[in-house]
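Structural characterization, general
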Amino acid sequence: MLERFDFVATLPAADIERAKAWYRDKLRLEPLEEHEGAVMYRAGSSTFQLYPTQHAGTARNTLGAWY
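Let me sum up the structure you'll find in this document. Keep in mind the model is a prediction, meaning the values are calculated, not measured.

Let us look at the environment of Glu34. Its place among the elements puts Glu34 in strand β2 (residues 33-35). For Glu34, a relative accessible area of 47% puts it in the partly exposed group. Taking C-alpha positions, Glu34 is 9.3 Å from Gln49, a pair spaced 15 residues apart along the chain. When neighbours within four sequence positions are excluded, Glu34 is seen to be in contact with Lys20 and Val39.

Structure, rendered in structure tokens:
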């Protein structure tokens with residue numbers, strides 16, 4: 001069933017503007033979409049999103065979703 005849906009990884013960022021600059025400058029990626037609270041990227045066939053949180057780097061879990 002899940003093979004019909006795309007999986008999107010979700011990555012936390014303490015400073016979303018700094019993270020966007022890093023992805024642009026180091027990886028040459030531009031946002032695919034930007035919404036309040038999330039920035040979506042595509043790299044090849046992979047898609048991931050960044051979300052701002054003061055707790056970035058402290059979670060002991062992985063975030064992702066099937067769309």
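Structure's up, so let's keep going.
Moving on: the pattern of salt bridges. Within the structure shown, the criterion is met by 3 salt bridges. Between Lys20 and Glu17 there is a salt bridge, and its shortest N-O distance comes to 3.5 Å. With Lys20 and Glu17 both in helix α1 (residues 16-27) and 3 residues apart, this pair spans about one turn of that helix. Overall, the relative accessible area of 15% leaves Lys20 in the buried class. By relative accessible area, Glu17 is classed as exposed at 51%. Between Lys20 and Glu34 there is a salt bridge, and its shortest N-O distance comes to 2.8 Å.

Rules used throughout
- Residues numbered from 1 in each chain as written.
- Predicted model: local features only at pLDDT ≥ 70, side-chain atom pairs only at ≥ 80, totals over all residues.
- Heavy atoms only, no water.
- Helix = DSSP H or I, 4+ residues; strand = E, 2+ residues; numbered from the N terminus.
- Buried < 20%, exposed > 50% of the residue type's maximum accessible area, 1.4 Å probe, protein only.
- Contact = heavy atoms within 4.5 Å.
- Salt bridge = Lys/Arg side-chain N within 4 Å of Asp/Glu carboxyl O.

Just geometry here; none of it tells us what the structure is for.
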